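Descriptive structure summary
Each chain, letter by letter, is given below.
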Amino acid sequence: MRIIYAICFFILVSPAFAVHTILLKNGKSVKGTITNQNVDNVEMNTEKGGHVVIPKKSVLKVIYKDIAEADEAKIRKEEEEKRDKEKAKILAEKKEELLRKEKELEKEENSKPVVQNQLATTSFRDTFLLGGSKQNSIQVASLEANCQAFQQYSQYFYLFGTFPFNEPKWPELLPKDNRTVRIRQTATNLDIVISVLGAFFTTVTRKTIQVEVCEGTKQNSPSAINTDEELKKAEEKYELEQIDKDLEHLKK
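Model, not experiment: these values are computed from the prediction.

In terms of burial, strand 1 (residues 20-24) is a largely internal element, five of the five residues being buried. Along strand 1, one buried face is formed by H20, I22 and L24 and the opposite face, lined by T21 and L23, is buried too. Of the pairings in the sheet, the one linking strand 1 to strand 2 (residues 29-37) comprises four bridges and is antiparallel in character. Opposite I22, over in strand 2, you have V30 as the bridge partner. Linkage of strand 1 to strand 2, two consecutive antiparallel strands, is achieved through a turn of four residues, within which G27 is found at a positive phi near 95°. For strand 1 and strand 5 (residues 59-63), the ladder comprises four bridges, and the chain directions are antiparallel. When the sheet's bridge partners are listed, L23 is paired in strand 5 with K61.

Taken together, the side chains of L190, I192, V193, V196, L197, F200 and F201 define a hydrophobic patch exposed on the protein surface, amounting to about 770 Å² of accessible area. Note on placement: F201 falls in helix 4 (residues 189-202).

Counting twelve residues, the largest nonpolar core is built from I22, L24, V30, I34, V42, M44, I54, V59, V62, Y64, I243 and L247. Secondary structure elements with two or more residues in this core: strand 1, strand 2, strand 3 (41-46) and strand 5. Beyond its immediate chain neighbours, meaning those up to four positions away, V42 contacts I22, I34, N36, Q37, V52, V53, I54, K56 and L247.

The next thing to look at is the sheet that holds strand 9 (residues 163-164). Neighbouring strands of a sheet are bound in pairs by backbone hydrogen bonds; such pairs are parallel or else antiparallel. Taking strand neighbours across the sheet as the criterion, the four strands line up as 9-8-11-10 in an open arrangement whose pairing is antiparallel. Strand pairing shows two members of the sheet lacking a second neighbour, strand 9 and strand 10 (181-186), which therefore form its edges. Relative to strand 9, strand 8 (residues 147-158) is paired through two bridges, and the arrangement is antiparallel. Across the sheet, residue Y158 finds its bridge partner in strand 9, namely F163. This element, helix 4, spans strand 8, strand 10 and strand 11 (205-214) of the sheet and lies at about 155° to strand 11.

Unusually for a residue other than glycine, L159 sits at a positive phi of about 55°. Among the structural elements, L159 can be located in the loop between strand 8 and strand 9. Despite not being glycine, T203 has its phi angle at roughly 65°, a positive value. Tracing the backbone through its elements, the reader meets T203 in the loop between helix 4 and strand 11.

When pLDDT is averaged across the protein chain, the result is 77; 74% of the residues are at 70 or more. Ranking the helices and strands of the protein chain by mean pLDDT puts strand 4 (residues 51-55) first, with 93, and strand 6 (residues 121-122) last, with 44. Confidence over residues 115-136 falls short of pLDDT 50; this stretch has 59 contacts with residues more than four positions distant or in other chains.

This part takes up helix 5 (residues 227-246). The end-to-end C-alpha separation of helix 5 is 29 Å, in line with the 28 Å expected for 20 residues at 1.5 Å each. Every buried residue of helix 5 is accounted for by L231, A234, Y238, E239, Q242, I243 and D246.

By definition, a disulfide links the sulfur atoms of two cysteines through a covalent bond. Taken as a whole and assessed by the stated rule, the structure comprises one disulfide. Two residues share a disulfide in this structure: C147 and C214, whose sulfurs sit 1.9 Å from each other. Here the S-S torsion is close to 100°, and the disulfide linking C147 with C214 is therefore right-handed. Note that C147 is positioned in strand 8 and C214 in strand 11, a separation of 67 residues in sequence. C214 carries the same exposure label as C147, and that label is buried.

Thresholds, definitions, all that
Residues numbered from 1 in each chain as written. Predicted model: local features only at pLDDT ≥ 70, side-chain atom pairs only at ≥ 80, totals over all residues. Heavy atoms only, no water. Buried < 20%, exposed > 50% of the residue type's maximum accessible area, 1.4 Å probe, protein only. Helix = DSSP H or I, 4+ residues; strand = E, 2+ residues; numbered from the N terminus. Pairing = 2+ DSSP bridges. Patch = residues over 30% accessible without salt bridge, like charges linked within 9 Å, V, L, I, M, F, W, Y side chains within 5 Å. Areas by Shrake-Rupley, 256 points an atom, 1.4 Å probe, with all protein chains shown as cover. Salt bridge = Lys/Arg side-chain N within 4 Å of Asp/Glu carboxyl O. Core = buried A, V, L, I, M, F, W, Y, C linked by side-chain atoms within 4.5 Å. Contact = heavy atoms within 4.5 Å. Axes fitted to C-alpha atoms, helices over the stretch in contact; angles between N-to-C directions. pLDDT = per-residue confidence, 0-100. Expected span 1.5 Å × (residues − 1). Disulfide = S-S within 2.5 Å.

Shown next as C-alpha coordinates:
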(Lines give C-alpha, C1' and ligand atoms only; values in the text may rest on other atoms or scores of the structure.)
Protein backbone atom coordinates (compact mmCIF):
# COMPACT_ATOMS: atom_id res chain seq x y z
CA MET A 1 0.00 0.00 0.00
CA ARG A 2 2.83 2.35 0.81
CA ILE A 3 4.32 1.73 -2.61
CA ILE A 4 1.06 2.77 -4.27
CA TYR A 5 0.96 5.95 -2.20
CA ALA A 6 4.57 6.71 -3.10
CA ILE A 7 3.89 6.25 -6.82
CA CYS A 8 0.82 8.50 -6.65
CA PHE A 9 2.81 11.15 -4.80
CA PHE A 10 5.61 10.96 -7.37
CA ILE A 11 3.16 11.40 -10.22
CA LEU A 12 1.53 14.40 -8.59
CA VAL A 13 4.77 16.24 -7.92
CA SER A 14 6.56 15.26 -11.12
CA PRO A 15 7.09 18.21 -13.52
CA ALA A 16 6.07 15.99 -16.41
CA PHE A 17 2.50 15.93 -15.03
CA ALA A 18 2.45 19.45 -13.61
CA VAL A 19 0.23 22.18 -15.03
CA HIS A 20 2.22 24.97 -16.65
CA THR A 21 0.87 28.37 -17.62
CA ILE A 22 2.14 30.38 -20.61
CA LEU A 23 1.14 34.04 -20.63
CA LEU A 24 0.91 35.41 -24.17
CA LYS A 25 1.59 39.00 -25.20
CA ASN A 26 -1.90 39.32 -26.70
CA GLY A 27 -3.47 39.05 -23.22
CA LYS A 28 -4.39 35.38 -23.43
CA SER A 29 -2.88 32.35 -21.69
CA VAL A 30 -2.40 28.66 -22.43
CA LYS A 31 -2.33 25.93 -19.77
CA GLY A 32 -1.00 22.42 -20.00
CA THR A 33 2.35 20.64 -19.83
CA ILE A 34 5.40 21.95 -21.69
CA THR A 35 6.94 19.03 -23.54
CA ASN A 36 9.70 20.62 -25.59
CA GLN A 37 11.29 23.88 -26.67
CA ASN A 38 13.80 25.04 -29.27
CA VAL A 39 15.28 28.32 -30.49
CA ASP A 40 11.98 29.58 -31.94
CA ASN A 41 9.08 27.69 -30.33
CA VAL A 42 7.64 26.14 -27.18
CA GLU A 43 5.58 22.96 -27.42
CA MET A 44 2.78 22.15 -24.98
CA ASN A 45 0.19 19.46 -24.40
CA THR A 46 -2.87 21.44 -23.35
CA GLU A 47 -5.32 20.58 -20.58
CA LYS A 48 -7.95 19.82 -23.21
CA GLY A 49 -5.79 17.14 -24.78
CA GLY A 50 -4.42 19.13 -27.71
CA HIS A 51 -0.85 19.85 -28.72
CA VAL A 52 0.23 23.39 -29.57
CA VAL A 53 3.45 24.95 -30.86
CA ILE A 54 3.81 28.53 -29.59
CA PRO A 55 6.32 30.97 -31.13
CA LYS A 56 8.58 32.42 -28.45
CA LYS A 57 8.06 35.88 -29.92
CA SER A 58 4.41 35.71 -28.78
CA VAL A 59 5.22 34.58 -25.21
CA LEU A 60 5.27 37.04 -22.30
CA LYS A 61 6.12 34.66 -19.46
CA VAL A 62 6.31 30.96 -18.63
CA ILE A 63 5.06 29.89 -15.17
CA TYR A 64 5.54 26.34 -13.90
CA LYS A 65 2.26 26.06 -12.02
CA ASP A 66 -1.46 26.57 -12.46
CA ILE A 67 -2.46 30.11 -11.50
CA ALA A 68 -5.84 31.70 -10.87
CA GLU A 69 -7.21 34.33 -13.23
CA ALA A 70 -6.75 37.10 -10.64
CA ASP A 71 -3.14 36.09 -10.04
CA GLU A 72 -2.58 35.87 -13.78
CA ALA A 73 -3.60 39.53 -14.24
CA LYS A 74 -1.29 40.61 -11.43
CA ILE A 75 1.68 38.62 -12.73
CA ARG A 76 1.07 39.88 -16.26
CA LYS A 77 1.06 43.51 -15.12
CA GLU A 78 4.23 43.09 -13.06
CA GLU A 79 6.03 41.32 -15.90
CA GLU A 80 5.04 43.97 -18.46
CA GLU A 81 6.17 46.81 -16.18
CA LYS A 82 9.47 45.05 -15.46
CA ARG A 83 10.11 44.39 -19.14
CA ASP A 84 9.23 47.94 -20.20
CA LYS A 85 11.69 49.33 -17.66
CA GLU A 86 14.50 46.95 -18.61
CA LYS A 87 13.87 47.34 -22.35
CA ALA A 88 14.03 51.13 -22.05
CA LYS A 89 17.45 50.80 -20.41
CA ILE A 90 18.72 48.33 -23.02
CA LEU A 91 17.45 50.41 -25.95
CA ALA A 92 19.04 53.56 -24.49
CA GLU A 93 22.39 51.75 -24.30
CA LYS A 94 21.91 50.49 -27.88
CA LYS A 95 21.18 54.02 -29.11
CA GLU A 96 24.40 55.26 -27.52
CA GLU A 97 26.30 52.43 -29.20
CA LEU A 98 24.80 53.29 -32.61
CA LEU A 99 25.56 56.95 -32.08
CA ARG A 100 29.21 56.11 -31.39
CA LYS A 101 29.33 54.02 -34.57
CA GLU A 102 27.81 56.86 -36.59
CA LYS A 103 30.39 59.30 -35.24
CA GLU A 104 33.20 56.88 -36.07
CA LEU A 105 31.88 56.43 -39.62
CA GLU A 106 31.45 60.17 -40.02
CA LYS A 107 35.01 60.75 -38.82
CA GLU A 108 36.27 58.10 -41.22
CA GLU A 109 34.28 59.61 -44.07
CA ASN A 110 35.56 63.12 -43.38
CA SER A 111 39.15 61.88 -43.26
CA LYS A 112 38.95 60.58 -46.82
CA PRO A 113 40.53 62.86 -49.43
CA VAL A 114 38.08 64.80 -51.58
CA VAL A 115 37.94 63.49 -55.11
CA GLN A 116 38.80 66.25 -57.55
CA ASN A 117 38.54 64.73 -60.97
CA GLN A 118 38.20 66.69 -64.12
CA LEU A 119 34.70 67.69 -65.07
CA ALA A 120 32.64 65.41 -67.23
CA THR A 121 33.21 65.72 -70.94
CA THR A 122 31.00 64.66 -73.79
CA SER A 123 32.14 62.10 -76.31
CA PHE A 124 30.43 60.48 -79.29
CA ARG A 125 26.64 60.60 -79.57
CA ASP A 126 24.89 59.03 -76.56
CA THR A 127 27.80 58.71 -74.15
CA PHE A 128 29.68 61.07 -71.87
CA LEU A 129 32.43 60.57 -69.34
CA LEU A 130 31.46 61.22 -65.75
CA GLY A 131 33.95 62.55 -63.22
CA GLY A 132 33.75 64.44 -59.96
CA SER A 133 33.24 68.17 -59.72
CA LYS A 134 35.87 70.29 -57.99
CA GLN A 135 33.51 70.96 -55.11
CA ASN A 136 32.11 67.50 -54.49
CA SER A 137 32.59 63.88 -55.33
CA ILE A 138 29.72 62.30 -57.26
CA GLN A 139 27.70 59.43 -55.82
CA VAL A 140 25.73 57.81 -58.63
CA ALA A 141 22.35 56.30 -57.74
CA SER A 142 21.23 52.83 -58.73
CA LEU A 143 18.54 52.28 -61.34
CA GLU A 144 16.05 51.32 -58.60
CA ALA A 145 16.54 54.56 -56.64
CA ASN A 146 13.63 56.98 -56.27
CA CYS A 147 14.78 60.19 -57.98
CA GLN A 148 13.33 63.57 -58.92
CA ALA A 149 14.37 66.23 -61.43
CA PHE A 150 16.97 68.73 -60.23
CA GLN A 151 18.63 70.45 -63.24
CA GLN A 152 18.80 70.02 -66.99
CA TYR A 153 21.12 71.27 -69.71
CA SER A 154 20.71 71.39 -73.48
CA GLN A 155 23.85 70.41 -75.38
CA TYR A 156 24.41 71.04 -79.10
CA PHE A 157 26.60 68.96 -81.42
CA TYR A 158 27.85 69.31 -84.99
CA LEU A 159 28.69 66.67 -87.58
CA PHE A 160 25.57 64.73 -86.57
CA GLY A 161 26.39 64.54 -82.87
CA THR A 162 30.10 63.78 -83.19
CA PHE A 163 31.48 66.92 -81.53
CA PRO A 164 29.87 69.18 -78.91
CA PHE A 165 29.53 72.95 -79.26
CA ASN A 166 29.20 73.52 -75.53
CA GLU A 167 30.25 71.64 -72.40
CA PRO A 168 27.97 71.41 -69.30
CA LYS A 169 28.89 73.53 -66.29
CA TRP A 170 28.80 70.71 -63.78
CA PRO A 171 29.31 72.79 -60.61
CA GLU A 172 26.03 74.53 -61.47
CA LEU A 173 24.19 71.35 -62.48
CA LEU A 174 25.15 69.13 -59.55
CA PRO A 175 23.76 69.59 -56.01
CA LYS A 176 26.05 71.40 -53.58
CA ASP A 177 25.74 68.69 -50.94
CA ASN A 178 26.67 65.03 -51.34
CA ARG A 179 23.25 63.72 -52.30
CA THR A 180 23.19 60.82 -54.71
CA VAL A 181 22.43 61.76 -58.30
CA ARG A 182 21.36 60.15 -61.54
CA ILE A 183 22.57 61.76 -64.79
CA ARG A 184 20.92 60.91 -68.07
CA GLN A 185 21.41 62.13 -71.62
CA THR A 186 18.07 62.01 -73.40
CA ALA A 187 16.32 63.38 -76.45
CA THR A 188 13.17 65.39 -75.73
CA ASN A 189 10.57 66.14 -78.39
CA LEU A 190 12.14 69.55 -78.94
CA ASP A 191 15.59 67.93 -79.22
CA ILE A 192 14.25 65.61 -81.92
CA VAL A 193 12.73 68.48 -83.93
CA ILE A 194 15.92 70.56 -83.70
CA SER A 195 18.10 67.54 -84.54
CA VAL A 196 16.00 66.57 -87.59
CA LEU A 197 15.96 70.09 -89.01
CA GLY A 198 19.48 70.98 -87.91
CA ALA A 199 21.03 67.76 -89.14
CA PHE A 200 19.37 68.08 -92.52
CA PHE A 201 20.62 71.62 -93.14
CA THR A 202 23.73 72.10 -90.95
CA THR A 203 24.60 68.70 -89.31
CA VAL A 204 23.66 70.27 -85.93
CA THR A 205 21.87 68.11 -83.36
CA ARG A 206 20.81 68.59 -79.76
CA LYS A 207 20.34 66.44 -76.67
CA THR A 208 19.38 67.19 -73.08
CA ILE A 209 21.36 66.22 -69.99
CA GLN A 210 19.03 65.64 -67.05
CA VAL A 211 20.35 65.67 -63.48
CA GLU A 212 18.16 64.03 -60.83
CA VAL A 213 18.66 63.88 -57.06
CA CYS A 214 17.75 60.59 -55.44
CA GLU A 215 16.64 59.24 -52.12
CA GLY A 216 19.02 56.96 -50.30
CA THR A 217 22.41 57.32 -48.71
CA LYS A 218 25.97 57.12 -49.78
CA GLN A 219 27.64 53.80 -49.36
CA ASN A 220 29.50 53.59 -46.05
CA SER A 221 28.02 56.87 -44.85
CA PRO A 222 26.96 57.27 -41.18
CA SER A 223 23.29 57.23 -42.14
CA ALA A 224 23.79 53.78 -43.66
CA ILE A 225 23.17 52.43 -40.14
CA ASN A 226 19.50 51.52 -39.90
CA THR A 227 18.89 52.62 -36.32
CA ASP A 228 15.25 51.50 -36.16
CA GLU A 229 16.12 48.01 -37.41
CA GLU A 230 19.04 47.69 -34.98
CA LEU A 231 16.84 48.73 -32.05
CA LYS A 232 14.14 46.27 -33.12
CA LYS A 233 16.70 43.46 -33.20
CA ALA A 234 17.96 44.44 -29.73
CA GLU A 235 14.39 44.40 -28.38
CA GLU A 236 13.64 40.99 -29.92
CA LYS A 237 16.89 39.60 -28.53
CA TYR A 238 15.97 40.78 -25.04
CA GLU A 239 12.48 39.26 -25.29
CA LEU A 240 13.84 35.86 -26.33
CA GLU A 241 16.46 35.94 -23.57
CA GLN A 242 13.71 36.42 -20.97
CA ILE A 243 11.73 33.46 -22.30
CA ASP A 244 14.86 31.30 -22.34
CA LYS A 245 15.45 32.21 -18.69
CA ASP A 246 11.94 31.03 -17.85
CA LEU A 247 12.56 27.80 -19.73
CA GLU A 248 15.79 27.04 -17.86
CA HIS A 249 13.58 25.22 -15.35
CA LEU A 250 12.40 22.88 -18.08
CA LYS A 251 15.97 22.14 -19.19
CA LYS A 252 16.93 21.22 -15.63
